[in-house]
Every structure is written in C-alpha cells, then in structure tokens.
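Each chain is listed here by its residues.
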Amino acid sequence: MAEFLQFFVWLPFLGFLASLLVPAKNEKRIAGVVITTAGLHLVAMASFIVFWWMHGAPILNQKHITLFQSDSIEIFIDLYFDAVGAVFTFIGAAITVLVAIFSKYYLHRDQGFKRYFSTVIFFFLNYTLLILSGNFETLFIGWEFLGICSFLLISFYRDRYLPVKNSLKVLSIFRIGDICLILAMWMSHHLWNQNITFQQLSDAPALALHIAEHSGYAWFIALTIIIAAAVKSAQLPFSSWLPRAMEGPTSSSALFYGSLSVHLGVFLLMRTAPYWQSIDYMDILVIVIGAATALIGASIAKVQSSVKVQIAYSSAAQIGLMFIEVALGWHTLALVHFAANAMLRTYQLLVSPSVMSYLSHNMFFSFVPLAKSTTSPLAAKVSNTLYILALKEWNIDTLLTKYLWNPFKWMGKKIAFVSYRTTVIVFPVLFAIGFFFVIFPDNIPLDDYDVVPSVYAVIGLLYIIKALSEREDALHAWLSVIGAELLIILSVAIHNQDFTPLQMLIVFSGMIVSSVVGYITLRRIKAFDNDLSLNYYHGYSYEHPGLAFVFLLSCLGLVGLPFTPTFIGIDVLFSHIHKHQELQIFFTAMSFMIIEISVLRIYARIFTGMHKKSYHAMAYRSS
Amino acid sequence: MSPAISNAFTHMNKTSILTIENKNLNDRENGLQIGFTIEEMTTRVEGQLRSVGLLQNFAPIIYLIAHGSSSANNPHHGAHDCGACSGRPGSVNARVMASMANHPIVRNNLQNKGITIPESTQFVGALHDTAGDEIEYYDEQFLSPENSLLHSKNCASFEKALDLNAKERSRRFASIPTSQSLKNVRKAIKDRSVSLFEPRPELGHGTNTLCIVGRREMTKRLFLDRRAFLNSYDYRTDPEGKILAGVMRPLGPVCGGINLEYYFSRVDNHKLGAGTKLPHHVMGLIGVTNSCDGDLRPGLPLQMIEVHDPVRLLIIVEHFPDVVLATIQSAPEMYEWFINEWVQIAVVHPETNVLYRFREGQFEEYSPVAAKIPIIKDFKSFIEEAQEMETNYIADATKENLPVYSLQ
C-alpha cells in the first residue's frame, strides 16, 4: 500500500509541468489544469484514505529513492502516512481545489494569471511532499520550496514597492525556520549516525537510551524543531510576518496564510511529538509559546484596523491553542482544530472584502452608537495601554528588526571600509592558502586544527555580509556570494578527509551553472543602462520577465534549492561539520541563513519594484 | 442570503411603511424634521415635472425608477449604487417621490400652478437593480383597477427591456456567452452580480462618454452602447432657459464628476485609481489599502475601469446656442465646468439641426467628421458578433467600445 504514496507527489508534479506548458493567454486551460490536478488528487486521496482505513489504518513508511550514499551518510526520499498525514493531505487538497475554482474567476484578466496558478500548483506539490515526508530531508525539500512559493505570491504584484519589501521581510523570517531545520538534520546525523526517519523517531523506547546519553544534543534538536515550527506557524516571537504576508490576491492569502502554510508548524510538531515530548521541559516550552501567542495574538486581532490583519492574528492565536493541545498530547483534538481553523480562515479571508457590506452598508437602519462606558481611571489606563500595545502589534516587528537584522546591517557598515576591490584581490590568496591546507592538512601551523576551518567559515560569512550590504553594483554582490560559498566549502574541506572531491563536486555542480547563468543575466541587464545599483529598485521584470525568471532560477540554484545536486551537496557538507565544532557550525549556519536573503535581495532590487522608466505606470511607494 | 451579499432590494423592505407627510412641524428626530410638508412636496414635484418637460399628455401610469446595485464581496459597492443617495440604492427616494405626486392636495396645488395631472394618472416608484437586471415596484396596491391592468402589461415590457439590456451587457462579460437564450443570460447576469468570486459584478458607468439633454425623439432608435446619460428636457416648454439652468446645474458635479472619476482612474490607475482590487485590505471600514502598512487608495479599482475610454464627457443640449450660453454663464460654479473644459459641451439647434461646439467661451458651428451613421440591420447578431477584448491592456480593451449606430 505504501508504494501508492508516491502517486500523490507525482500527480501535482505532472500538473505543475502541464501548467507551465499552457500559453499564458489561455486562462481556461491554465485554471483547468490546476483544478483538474487538485480535484483528481482530492478524489484519489479520499479513496486512498477509505481503502487505508478499511485495512486497519496502518502506519505506512516507504523508502523511495536514495539520492546519495557514502560510508557515513545516506540521503534518501522517504514517504510516510498516518492519521495526521491523512487529515493534512485531505484538508489541503480540498481547500486547494476550492481556492483554485474561486481564483479562476477572481483572477480573470489579471496579468499574472499563469504565474499565479503555476505557483499555486507548485505550492500544492510541495505541501503534499512535506506532509507525506518520512524523514527530515524529504520534509525539507517541501519546506524550502514552500518558502519560495510564499515569497513569489507575496510579491505577486511585483511592480509595487510594499509587496516586494514585505516578501523579503517574510522570507528573512522563514530563513530562521529553514536554518533551524538544517541544524536539526545536522545534529541528528551525528546523534544517530544515520538519517533518521520519522518512524524511527516515534519509537520512544529506542530513543530514550540515546537521549539519555547525549542529552545536550537531543535538547538541541528538539529546540531547533520547535523554533522552526514557531516560525512557520507565526508564533511568538515571529508572529509579525503573518499580516505582512497578506500582499497577494485575496485568494492566495486565504490558501497560504489563512489555511495551509501557516498550519505546517503544528504539523511539524505533531510529526516529531514522540521525540521532543520525551525531553524534559520541551512540552512546557511549546505550551508557553502557544499560550503567549494565543493571548497576545487575540489582543492584537481585536483592535487592528485592517480586516485581513485581524484574521491573520486570530488565526495565529488559534494555532497557539493547537500548540498547547499538541504539547498536552491531545492530537485528535489538534487535528479537528486544524481542520476547523483552516476552513474558517479560508472562508473569512475570501469574504473579507464583504466586511464593508455587513458592518457598514447595512447600518443604514440599524446603527446603534457605542455606549460610553464609565470605568475607574486605573482600569481605563490599563485598557488604553493594552489597546495601544495591541494596535502596535506589541512591537514584535520592530523588535525583530532591531535584534535580528540590524546586527547584520551593523556588521555590514563595520566592514564597509573593505572595498570590493580588496575582497577581489584577497580572494585568490585566501583560496590558495585554504586549498593548500586541504591538500596538505599536516602543514596547519596551529595546535588546534579546528581554528582554521572556523576562520574560513567566518571569512565566508563576512563575504556574504558584504554581499548583503553591497549598494553599488549587483554584480559585486553576486560574485561575493559565489566567493563566500567557495570559502565555506573550503572551510569544511580543511582537515576533513571524509569530504571527498566527488562530494565537493556535488556541492559545486548546481552552483557553478547557476552562478554563471546568473552572472550572464546580470551582464545583459547591465548592458541596457550600465546601471546595476542596489540603492533602488529597477523593476526589470516589467520589460524582461524572461530574464527575471532565469535570474530567479539561478538565485535559487546558487543557494542550493532542491532542484540541483547542490542541495544534496549542502546536506553532505553539513554532515562533515562535527558536533564539537560549535564555532564552525554557528558561522556556517549564519551564512546559510542570510545567503538566500542576499541573493533574493539582488533579484528584488534589479527585477522587481516599479520599473525605473517613467513611461510605464508607476505606483506610489506607499502602495 | 449570506451576509456577504448586499442585495439592492434589501435596502428598503417592499412592505415597509414610510412616514412621508409631515403633519406637525414639531415632529422632529435628532433635530431634523420628519417628512415633507405639503408645500415642500408641491415644490419638489413641480420642479421635477418642469425639468423633464412633462407638463401635459400624462400617461395613465408614470414610473419613477431609482437605481441600486447588488454585489457581493465588493468594498467598492457604493460606487455602483446611487451617488445622490450617499452610495446606497435610491428606492426610498423613488417611493417617496411617487407618493408625493399621488397626494391629492399636492395635485390640487399643482393645478393652481398650471400643471393639471388627470385624476386617473398614477405615479409608481420602482428600483432597478443595475447589476442583477431586475426591477421591483412599490405601492402597487394603490393602483386603480384599470391602472393595475395596464401595470401588468407594462411589467411585461419592462421585462423585455431588461432581457435586452442583459443581453447587451453580457457582451462585456467573458463568463457569459451572449448568444445563449435570453432566460439563461438573465440568470447568468443575476448569478454573476452576487458571486463571491466575481470582482466585476457590473461595469457601472465604465465607458460613459455622452450626456444628452433633450427630447427623447432625438435619440430614438440610436444605438449608444450604453455610454450616454439621457436627460429628458423639452426646449419648447422653456424658451428662455429658466428651467434649463436647473437641469444643467447638476450635470457638472454628477455626470461630469462620474466621468472624471473614471477618466482619472483609467489614465493612471496606480496613482489616481485604486489599482487591482484583488489584494485590497478593507481598512477601518473607511477605505481600502494594498497591504497592512499601505496608504488608503483613492479612485476606482482596475476591474471597474478597464473597459473605459478615458475621454471627457460630451454634453449635448437641444436648444438655441445663445440660450444655452446664457444658461451656463448664469452661475460661476456651473460655468467653470465648461470654460475650464472639465467637460465638453455642444448644442443641437432645434430648428436647423446644426451643431455648435463650445470653445473658449462661445459656441462655434461644427460639422461632424462622420458623414453617415452606420446602420445595424440585425441587432441580435450585431451584439453577439461584436469584437471581444483579447486582453485588458488599454489598447485591446477599448476596442470593445462601439461607435454610434442607427437601429433599423
């Protein structure tokens, strides 16, 4: 029965490919492909669930494709199915079909009609893959692509400033979740010396022994999983991305942030519950996060002026309650709660423009002014304070910017004195020295061999920060990122015989193509105006959507999204950092957290935003 | 019906009872007088009748039809309803006006002022839902038996007009095949108007270009592609243009205002319009923004203006040029609309049929570019075969807009 599972991944994949082939003008066929695919998926999934139920609802686990194998590491695609998966896939397919039908009419004549539907079906593919995944690697593929789908749909109206700004903001918060998952994978490689599946994770007694031996590492894995879940489900302290994601068409907001995407944190917690619940204090942590979000989210939802923001925070508050339910072990209740919340929020978002009609338009005959309440000065003060705090979203967004992103900006300013020229001149020297150490590791002139890799990891990070703070020329930023990746590979390769040249080549393979293609694309853009400044938005996707797409692909390839072998390579690369190399893992993780932001920043500045030529319609920066 | 749907007819319950007449000046609510006194009623009815030139040859039933619009999931709903009724359906106004005109004492007063309405003539208020293409009539129970009979005949004519109107409108909607049966077109139009997922419940005043002030004989059997405001006015009842001033005063703010709203929203939908409505957030029940931290958007959304040709309104008046010139110059707030060219104005000389165009403060004779108006032989196939836009880019979308035709 387990081999049927892959069908549910292939079906949306084929639908996605088919949707790409339809010409953009043929609205009916584009929508038809997506609705048919999701509809078939729904019917097939419903039948499968009935069939599965009649056979006693066994837990299914199937190892599918081994992507990479060496002595120390095996990376494979694994699919898994149980009641949690059944509920999430079924609800997911149902909502996707309904929203796709809604969008067919809603998006009629929108210039991004095809872009929208292709992204929706791609989202659905990765959602399904994520839900059916049987190990962290498979889950991570879906997880990464979902982040990119979010980025694309938030900046759907890419010729305006705010969608572009907010898409990068949301992506940057998502990256925290991504990097937490990478760290969880990294640590579990080392803890179990294999790629652990979710089925093995649910085998509590076998785990208990391991956990007792390595409590610190086990604690680390649980913590990263919980942070990743909190990020994806807009829990505190990350909640503020959710309302800022409401930039695309109402229907995409409903699908992503009303229903499916935002509940994936709950899914991750349920999938890994047997594991983190066996570690002390973790359930308390989840309860605290959930309760805080429920309370603060509800207070914010009460006073916001935008209806979609109200819905976003009420949804986050409900998900907070789901976190509590999961932590208390009430999984069935959490599933029911998920289904109900997903359906309700989708509906509420879809009809959110109607709020005008039932709260304002029909007040004509039935308006009753609010009665003035008389309360004590203290109570009034408390309630006014709460009101203002909630209105300002408890400053979550400001605090995140201040403590999470400003340090990077600060560092960028601090190293601004190093000119781009210097970084270019220094690079071959650094690389040559590093390369020398890779080949002749015995010549490292230090007692502690781990210092050199850490130093290279820091230099790699600095190159990325340089790219992130680059303002002059996008090509500089692009080359800095490539340089950084090379240095990071070196940092792992130094004093590490297990990291074979073949493995390095895997990391390199996707990267090299992407970096060359990206470079050529940027050169072509530069040829138009001799201007690739990152100080402002150029909006080239308006006139050159093809180039924009190619550059987007090379950005994603460069940072190792799972459509090039680089993805496997990065996984292998991380597995070669040993668990005692705390500094190196810290800096490498930092690098991978901001690398995607720094390349997508280039994409955003050069290809999105309003087009620089004023002979096109231009929106205000405030819209 | 779901609360998400605003139905034009629910604005006023058909069976409700309105307090229309004020019998005691002390009847006040929130400092405002309740109802109209007989004198106020007389003034209003007289003004209305004189402005449209309806002073004799009264039909047995005179319909006062207000407009309103049903829509769902549409924050710009108010832009489809009646602007003169604060963005709501005009059903109350129509019903009140009919009731005033039917009032025996008002009739008596009107007779003293020289307007004799036969006792058999009755006024009926109604509401046309311009999105769903339906009409609801009010206070039909007060019709005399003879008029009741006539009313049911008229209703059938109205239904036929609604059918044809729906067919004409359907050519603009990609979701409705115009060539299907009238019954299906009507149903599709109605369903569409209250669909949650339909960002274009109706196209409202999109494509408006003309405002014709004159006798209806002027526009009889003309195909204007639903692009004209038609103001009934008879120059013969008003040789000095006294009434004309009253007729023309609202044309600037109302028709010109509507026209410019569409004009500017179309010319720069990003800055002067609201942009596409798909990502809109309803903010504080007072407006829409694009995102949680964006500014309020002015103007009309893309979905309302994409079919619109951005041209200024052309007002055509049937009267003598010198009278019209004196009329528009009679009030500075009216004249600024014309002298500043916020709207264009032309005059048809009622005796010679010569056209005069207003330029730089005076009327100049004008000979039209088109020597002949093309003729539509078969209206049904004409509407069904009219060109449909390929995309909603301005160059494609406005190809749908048709010039003036004569109906055979």
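Remember, it's a predicted structure, so these values are computed and weren't measured experimentally.

Asks: Looking at this structure, how should I read the overall build of chain B?
Replies: Counting its secondary structure elements, chain B contains 12 helices and 18 strands. Rg of the C-alpha trace for chain B: 22 Å, near the compact-globule value of 22 Å for 408 residues, within the 12% margin. Projected onto the principal axes, the alpha-carbon positions of chain B cover approximately 60 × 55 × 45 Å. A burial count over chain B gives 53% of its 408 residues as buried. Restricting the contact set of chain B to residue pairs at least 6 apart, pairs at least 24 apart contribute 67%. In the structure as shown, chain B presents an accessible area of about 19300 Å², 53% of it carried by carbon and sulfur atoms. When the 41 basic and 48 acidic side-chain charges of chain B are each reduced to a single mean position, those positions are 3 Å apart.

Asks: Can you walk me through the packing of helix 4 (residues 113–132) of chain A against helix 11 (residues 250–259) of chain A in this structure?
Replies: To characterise two packed helices, one gives the angle between the axes of the helices and the distance between these axes. Residues and elements named next belong to chain A. At a closest axis distance of 12 Å, the pairing of helix 4 and helix 11 adopts a crossing angle of 10 degrees. Between helix 4 and helix 11, the angle falls in the class roughly parallel. Counting all contacts with helix 4, which are made through Tyr116, Val120 and Phe123, the residues of helix 11 involved are Ser251, Ser252, Leu255 and Phe256. Looking at the contact of helix 4 with helix 11 residue by residue, the classes come out as five nonpolar, two polar and no charged.

Asks: Looking at this structure, how should I read the domain arrangement of chain B?
Replies: Often, the extent of an interface is quoted as the loss of accessible area on bringing the components together. Residue and element names in this part refer to chain B. Per the domain assignment, the segments making up chain B are domain 1 (5–193), domain 2 (210–366) and domain 3 (378–408). Here domain 2 and domain 3 have C-alpha centroids that lie 22 Å from each other. For the pairing of domain 2 and domain 3, the buried interface totals around 1300 Å² over both sides, and the portion due to carbon and sulfur atoms is 55%. For domain 2, the biggest contributors to the area lost against domain 3 are Arg221, Phe223 and Val307; these three give 47% of the whole. In this structure, the connection of domain 2 to domain 3 is made through zero salt bridges. Connecting domain 2 to domain 3 are six residue pairs in polar contact (both at pLDDT 80 or more). Tallied by class, residues from the side of domain 2 that touches domain 3 come to six nonpolar, one polar and six charged.

Asks: Would you mind going over the environment of Val438(A) with me for this structure?
Replies: Note that Val438(A) resides in helix 20 (residues 420–439). Beyond its immediate sequence surroundings of up to four residues, Val438(A) is in contact with Leu490(A), Ala493(A) and Ile494(A).

Asks: Before we go on, may I ask you to explain a nonpolar patch on the surface in this structure?
Replies: Residue and element names in this part refer to chain A. Together, Ile512, Val513, Val516, Val517, Ile520 and Val550 give the surface a local cluster of nonpolar side chains, amounting to about 450 Å² of exposed area. A total of five residues in the nonpolar patch trace back to one element, the largest contributor, which is helix 23 (residues 501–529). Its location among the elements puts valine 517 in helix 23.

Asks: Please explain the packing of helix 23 of chain A against helix 25 (residues 566–575) of chain A as it appears in this structure.
Replies: Residue and element names in this part refer to chain A. Orientation of helix 23 relative to helix 25, taken along the N-to-C sense of each, is 140 degrees, at an axis distance of 7 Å. Relative to helix 25, the element helix 23 lies oblique. The two elements helix 23 and helix 25 meet at a crossing, and its hand is left-handed. Contacts from Gln503, Ile506, Val507, Ser509, Gly510 and Met511 of helix 23 reach helix 25 at Thr566, Ile568, Gly569, Ile570, Val572 and Leu573. Looking at the contact of helix 23 with helix 25 residue by residue, the classes come out as seven nonpolar, five polar and no charged.

Asks: So what exactly am I meant to see when it comes to the packing of aromatic side chains here?
Replies: What describes a pair of aromatic rings is the distance from one ring centre to the other and the angle between the planes of the rings. Residue and element names in this part refer to chain A. The tally for this structure, following the rule as stated, stands at 53 aromatic pairs over all chains. Centroid distance tyrosine 116 to phenylalanine 117: 5.2 Å. Interplanar angle 80 degrees. Geometry classified as edge-to-face. A relative accessible area of 1% places tyrosine 116 in the buried class. For phenylalanine 117, a relative accessible area of 0% translates into the label buried. With 5.9 Å between their ring centres and 80 degrees between their planes, tyrosine 116 and phenylalanine 156 make a pair best called edge-to-face. Placement of tyrosine 116 in helix 4 and of phenylalanine 156 in the loop between helix 5 (136–154) and helix 6 (161–192) is noted, with a sequence separation of 40 residues between them. Of the two residues examined, tyrosine 116 and phenylalanine 156, each falls in the buried class. By way of ring pairs, the aromatic residues Phe4, Phe7, Phe8, Phe48, Phe51, Trp52, Trp53 and Phe81 are connected into one cluster. Taking the ring centre of tryptophan 143 as reference, the NZ or CZ of lysine 232 above it sits at 4.8 Å.

Asks: Hey, could you run me through the pairing of strand 1 (residues 60–69) of chain A in this one?
Replies: Note on strand geometry: in a regular strand, side chains alternate between the two faces of the sheet. All names here are of chain A. Alignment of strand 1 against strand 2 (residues 74–81), held across seven bridges, turns out to be antiparallel. Its bridge partner lying in strand 2, leucine 60 is registered against phenylalanine 81. Linking two consecutive strands that pair antiparallel, namely strand 1 and strand 2, is a turn of four residues.

Asks: Is there a simple way to explain the nonpolar core in this structure?
Replies: Looking at soluble globular proteins, one finds that nonpolar side chains tend to be buried together. Formed by 227 residues in total, the largest nonpolar core has its most connected members in Phe81(A), Trp241(A), Tyr275(A), Trp276(A), Leu600(A) and Ile606(A). Setting aside anything within four residues of it in sequence, one finds Ile606(A) in contact with Ala474(A), Leu522(A), Ile525(A), Leu532(A), Ser533(A), Leu534(A), His538(A), Gly539(A) and Tyr540(A).

Asks: How should helix 2 (residues 27–54) of chain A be read in this particular structure?
Replies: Residues spaced three or four apart along an α-helix point in a common direction, a consequence of the helix completing one turn every 3.6 residues. Between the first and last C-alpha of helix 2 of chain A there are 40 Å, a value that for 28 residues agrees with the 40 Å anticipated at 1.5 Å per step. Gly56(A) sits one or two positions beyond helix 2 of chain A and adopts a positive phi of about 85 degrees.

Asks: For this particular structure, what's the right way to read the interface of chain A and chain B?
Replies: With 49 residues of chain A at the contact, the number on the chain B side is 49 residues. Both faces combined, the contact of chain A with chain B buries some 4200 Å², and carbon together with sulfur accounts for 57% of it. Summed over the shared surface of chain A and chain B, the number is three salt bridges. A salt bridge links Lys25(A) to Glu390(B); the nearest nitrogen and oxygen atoms lie 3.2 Å apart. Linking chain A to chain B there are 17 residue pairs in polar contact (both at pLDDT 80 or more). Where the side of chain A that touches chain B is concerned, the elements lending two or more residues are helix 3 (83–106), helix 6, helix 10 (241–244), helix 15 (307–327), helix 16 (331–350) and helix 17 (355–359) of chain A. Broken down by element, the side of chain A that touches chain B gets its largest block of residues, five residues, from helix 17 of chain A. In the side of chain A that touches chain B, the residues fall into 25 nonpolar, 15 polar and nine charged.

Calculation rules
Residues numbered from 1 in each chain as written. Chains lettered and ligands numbered in written order. Predicted model: local features only at pLDDT ≥ 70, side-chain atom pairs only at ≥ 80, totals over all residues. Heavy atoms only, no water. Helix = DSSP H or I, 4+ residues; strand = E, 2+ residues; numbered from the N terminus. Rg over C-alpha atoms; globule rule 2.2 N^0.38 Å. Buried < 20%, exposed > 50% of the residue type's maximum accessible area, 1.4 Å probe, protein only. Contact = heavy atoms within 4.5 Å. Areas by Shrake-Rupley, 256 points an atom, 1.4 Å probe, with all protein chains shown as cover. Lys, Arg positive; Asp, Glu negative; His and termini not counted. Charge placed at Lys NZ, Arg CZ, Asp CG, Glu CD. Axes fitted to C-alpha atoms, helices over the stretch in contact; angles between N-to-C directions. Parallel < 35°, antiparallel > 145°, perpendicular 65-115°, else oblique. Nonpolar A, V, L, I, M, F, W, Y, C, P; charged D, E, K, R; others polar. Domains from an automatic or database assignment. Buried area = accessible area lost by both parts, 1.4 Å probe. Salt bridge = Lys/Arg side-chain N within 4 Å of Asp/Glu carboxyl O. Polar contact = N/O pair within 3.5 Å; in protein donor to acceptor, adjacent residues only side chain to side chain. Patch = residues over 30% accessible without salt bridge, like charges linked within 9 Å, V, L, I, M, F, W, Y side chains within 5 Å. Left-handed = near helix turned anticlockwise from the far one by under 90°. Phe/Tyr/Trp six-rings, centres within 6.5 Å; stacked < 30°, edge-to-face > 60°. Lys NZ or Arg CZ within 6 Å of the ring centre and 35° of its normal. Pairing = 2+ DSSP bridges. Core = buried A, V, L, I, M, F, W, Y, C linked by side-chain atoms within 4.5 Å. Expected span 1.5 Å × (residues − 1).

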